[in-house]
Amino acid sequence: MKLILGSGSPRRLDLLATLGLTPDAIRPPDIDETPGKGELPRPYCARMSREKARTVQAGADEVVLCADTTVALGRRIMGKPRDAGEAAEFLLAMSGRRHKVITAVAVRRGDRLWERDVVTTVRMKRLDDLELNAYLATDDWRGKAGGYGIQGPAGAFIPWLQGSYTAVMGLPVAETANLLKAAGYPVWRTE
Ligand SMILES: Cc1cn([C@H]2C[C@H](O)[C@@H](COP(=O)(O)OP(=O)(O)OP(=O)(O)O)O2)c(=O)[nH]c1=O
């Protein structure tokens, strides 16, 4: 059985590697990530990962793994910022407050789909101008939901979270291992 990572995210590849898993192929999905009108963050995130899993082409002996990470401030969905101005806007909105990071994982084998989502509450310290501008200058915010990456320099802004650190990074490894097992993929091998 082959494992297909349906994601172009280097973080997801790294997190999968922590489980000792190397995908046989990487097939990044191309879907429309526009939220529906009034769509709430959690159902939006679950829909994204499901659509990714359905879009990625796979044969009968292939298991597809996809995920979506969405940052939510109340009902507001904060996607990947299009520029530094939007990243600054997101970070200022989260500064000194708690927000939620949702990561939904979808595993598909043939017509069958296994799904799980993980919600993590994250507190961001109050950012001063120096911290904000220095972080924006690193470009680390690019391509990341909410405009920050907890695994990089923005880790200095996160004194507390409740939930899963790997889920915030993009792939909750415990839940992912369980979904792969449910789909019949041999996560653990003794030889
Ligand atoms: C909040 C947060 C997000 N992220 C990243 C993980 C994801 O790559 C990205 C969220 O965007 P996603 O749309 O979930 O994923 P992607 O577009 O990068 O990749 P693909 O659709 O091909 O799977 O944000 C971090 O790396 N660290 C963080 O702390």
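Calculation criteria
Residues numbered from 1 in each chain as written. Predicted model: local features only at pLDDT ≥ 70, side-chain atom pairs only at ≥ 80, totals over all residues. Heavy atoms only, no water. UniProt positions renumbered as here; feature names shortened; annotations may be inferred. Helix = DSSP H or I, 4+ residues; strand = E, 2+ residues; numbered from the N terminus. Expected span 1.5 Å × (residues − 1). Buried < 20%, exposed > 50% of the residue type's maximum accessible area, 1.4 Å probe, protein only. Contact = heavy atoms within 4.5 Å. pLDDT = per-residue confidence, 0-100. Disulfide = S-S within 2.5 Å. 1 Å grid on protein atoms, 1.4 Å probe; cavity = no way out; pocket = protein on both sides within 12 Å on 5 of 7 lines; lining within 4 Å. Salt bridge = Lys/Arg side-chain N within 4 Å of Asp/Glu carboxyl O. Arc of directions from axis to C-beta. Points joined across faces, edges and corners; volume = space filled by probe spheres on them. Phe/Tyr/Trp six-rings, centres within 6.5 Å; stacked < 30°, edge-to-face > 60°. Lys NZ or Arg CZ within 6 Å of the ring centre and 35° of its normal.

An unreviewed UniProt entry annotates the protein as dTTP/UTP pyrophosphatase of Pseudooceanicola batsensis. What UniProt records for the protein under Cofactor (unreviewed entry) is the sentence "a divalent metal cation". Regarding the protein, the relevant UniProt record gives this comment under Sequence similarities (unreviewed entry): "Belongs to the Maf family. YhdE subfamily."

*Asks:* What is the right way to look at helix α2 (residues 41-55) in this model?
*Replies:* Quick reminder: α-helices carry 3.6 residues per turn. Residues three or four places apart thus point the same way. In a regular helix each residue adds 1.5 Å, so 15 residues correspond to 21 Å; α2 covers 21 Å between its end C-alpha atoms and thus fits that length. Taken together, the buried positions of α2 are P41, Y44, C45, A46, M48, S49, K52 and A53. In the core, the buried residues of α2 are packed alongside α1 (10-18), β3 (62-73), β4 (76-78), β5 (98-109) and β6 (112-123).

*Asks:* Looking at this model, I keep getting lost on the confidence of the model for the protein. Mind explaining?
*Replies:* The predicted coordinates ought not to be read in detail in places where the model reports low pLDDT. Looking at the protein, the pLDDT average stands at 97 and 100% of residues meet or exceed 70. Reported confidence for the predicted complex is 0.96 by ipTM and 0.97 by pTM.

*Asks:* Would you mind showing me how to read the state of the cysteines here?
*Replies:* Counted according to the given criterion, the structure contains zero disulfides. Residue C45 stays outside any disulfide, its sulfur separated by 12 Å from that of C66, the closest cysteine.

*Asks:* What am I meant to see in the UniProt feature "site: Important for substrate specificity" (unreviewed entry) in the protein here?
*Replies:* Mapped onto this structure's residue numbering, the UniProt feature "site: Important for substrate specificity" (unreviewed entry) falls at R11, T69 and Q151. In three dimensions, the annotated residues from a span of 141 residues occupy one location, with a maximal C-alpha spread of 14.2 Å. Among the annotated residues just listed, those lining the largest pocket are R11, T69 and Q151. Take R11: it is sitting in helix α1. Among residues more than four places away in sequence, those in contact with R11 are G143, K144, Q151 and M169.

*Asks:* Before we go on, may I ask you to explain the pattern of salt bridges in this structure?
*Replies:* Where charged atoms from two side chains of opposite charge come close, those side chains can pair. According to the stated counting rule, one finds 12 salt bridges in the structure shown. A salt bridge links R42 to D117; the nearest nitrogen and oxygen atoms lie 3.0 Å apart. Taken as a pair, R42 in helix α2 and D117 in strand β6 lie far apart in primary sequence, 75 residues in all. A single network of salt bridges, built from pairs that share partners, joins E39, R47 and E51.

*Asks:* How do you make sense of the UniProt feature "active site" (unreviewed entry) in the protein when you look at a structure like this?
*Replies:* Annotation from UniProt places "active site" (unreviewed entry) at D68. You can see D68 is positioned in strand β3. Relative accessible area serves as the criterion here: at 3%, D68 is assigned to the buried category. Residues in contact with D68, not counting those within four places in the same chain, are R12, E33, C45, M48, S49, K52, I102, T103 and A104.

*Asks:* Could you clarify how one ought to interpret helix α4 (residues 129-138) in this entry?
*Replies:* When α4 is considered as a whole, its buried residues turn out to be L132, Y135 and L136. Here the buried residues of α4 occupy an arc of 100° about the axis, which is enough to place them on one side. Exposed positions of α4 whose direction lies more than 90 degrees from the buried face are L130 and A137. Summarising the contacts, the buried residues of α4 are in contact with α3 (84-94).

*Asks:* Hey, could you run me through the layout of surface pockets in this one?
*Replies:* Over the atoms, a rolled probe matching the size of one water molecule traces out where space is still vacant. Of the voids in this model, the largest pocket is the one considered here, and its volume is about 570 Å³. Secondary-structure elements contributing two or more residues to the lining of the largest pocket are α1, α2, β3, β4 and α5 (165-169). Per element, the largest residue contribution to the lining of the largest pocket is five residues, and it comes from β3.

*Asks:* Looking at this structure, I do not really get the packing of aromatic side chains. What am I missing?
*Replies:* The geometry of two aromatic rings is summed up by the distance between their centres and the angle between their planes. Under the criterion given, the structure shown has one aromatic pair. When the centroid spacing of 5.7 Å and the interplanar angle of 75° are considered together, the rings of Y135 and F157 count as edge-to-face. Taken together, the residues Y135 in helix α4 and F157 in the loop between α4 and β7 (160-162) connect sequence positions 22 residues apart. With relative accessibility at 2%, the residue Y135 sits in the buried group. For F157, a relative accessible area of 7% gives the class buried. Positioned over the ring face of W160 is R98, at 4.3 Å from the centre of the ring.

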